[in-house]
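Examining the three-dimensional arrangement
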Amino acid sequence: MANRKTKTGKFFMSGSTVLYMAAVCSAVPVNDLLDRASQGSDALHSLSTILTHELQDSHFPPIGRVIMPRPSMCHTSSLQTPIDKEQALQVSESDLLSLARSLLKAWADPLVVLSNSANDLPHPAHNSISNKIQQLQEHSKNLGDGLDILSNKMGPGAQSISFLPYRGGNDIGQDKITKLTNFHFLLSCFRRDSHKIDSFLKVLRCRAANMC
């Protein structure tokens, strides 16, 4: 898969693509795989942040900020995760990777909902938003494939997955305000989780390099 260049001029997800390609080779050290995974998760979070800012512009209704559900309503909120680096350092390597994989896998269906909804989103930048959502899907799959293989190299604990079902349905609303608000909420939940995934993988990389 070729690297993609967004309108911001930045290249995204070369790290996760290389991660998957490199992980199939058993000779690649775990340290190198973690380094590439961290690069991929960083790019994933960066793209989700750009998307959130693109959506939350002057075209986003002010009332949407008021009626938007709280972060605790995200479908992944039931998963107990470290809240900062200090807590993450107290969690075993295998459990951290398990948490990252659980969060990433929990977004397979919601990303489909976002992708389908972006096509007719009542926003002037819906084409750009739709393209970036598709990139998020591709990037998430590539990173997830690589982490699955990495988990096989880190033992049974890293292979366990917490099931976090998405029950929000495929319809994000009928009117403009509801559609934009629900789309933004779902995207903000993904951004929050992508930050967690990135943080966990950076801690794993730090540990592997004996730097923390």
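Above this note sits the structure.
Along each chain, residue indices are assigned from 1 in the same order as the chain's sequence is written. Only residues with pLDDT of at least 70 are given local features in this predicted model, and only at 80 or more are side-chain atom pairs given and counted; all residues enter the totals for whole chains, interfaces and linings. Excluding hydrogens and water, the side-chain values take into account all heavy atoms of the structure.

Position of Ser140 relative to the elements: it lies in helix H7 (residues 126–154). Counting of polar contacts relies on pairs of N or O atoms within 3.5 Å, with two restrictions inside protein: one atom must be capable of donating a hydrogen and the other of accepting it, and residues adjacent in sequence are counted only when both atoms are side-chain atoms. Side-chain polar atoms of Ser140 contact the backbone oxygen of Leu136, separated by 2.8 Å. If we ignore the near neighbours within four places in the chain, the residues touching Ser140 are Leu44, Leu104, Leu111 and Phe190. Secondary structure elements follow DSSP: runs of H or I no shorter than four residues count as helices, runs of E no shorter than two count as strands, and numbering proceeds from the N terminus. We call two residues contacting when some pair of their heavy atoms lies within 4.5 Å.

The next subject is the packing of aromatic side chains. Here the aromatic set is Phe, Tyr and Trp, taking the six-membered ring for Trp, and pairing holds for ring centres within 6.5 Å; pairs whose planes are under 30 degrees apart are stacked, those over 60 apart are edge-to-face, and all others are tilted. All chains considered together, the criterion is met by 1 aromatic pair. A centroid spacing of 5.3 Å and a plane angle of 85 degrees characterise the contact between Trp107 and Phe190, whose relative ring orientation is edge-to-face. Taken together, the residues span a long stretch of sequence, with Trp107 in the loop between helix H5 (93–105) and helix H6 (108–118) and Phe190 in helix H9 (residues 176–208) at a distance of 83 residues. The class of Trp107 is buried, set by a relative accessible area of 1%. Any residue under 20% of the maximum accessible area for its type is buried, any over 50% is exposed, and the rest in between are partly exposed; the area is computed with a 1.4 Å probe on protein chains only.

A few words now on a nonpolar patch on the surface. Where nonpolar side chains cluster on the molecular surface, the patch consists of Ile63, Val66, Ile67 and Ile177 and spans about 350 Å² of accessible area. Top element by residues in the nonpolar patch is helix H3 (residues 62–67). It accounts for 3 residues. Mapped onto the secondary structure, Ile63 falls in helix H3. A relative accessible area of 39% means that Ile63 is categorised as partly exposed. The residues that make up patches have over 30% relative accessible area and no salt bridge, and they are joined within 9 Å when like-charged or within 5 Å when they are Val, Leu, Ile, Met, Phe, Trp or Tyr. Areas reported as accessible are Shrake-Rupley estimates using a 1.4 Å probe. Residue values count occlusion only from the protein chains shown. Between Lys or Arg on one side and Asp or Glu on the other, a salt bridge is scored when a side-chain nitrogen of the former is within 4 Å of a carboxyl oxygen of the latter.

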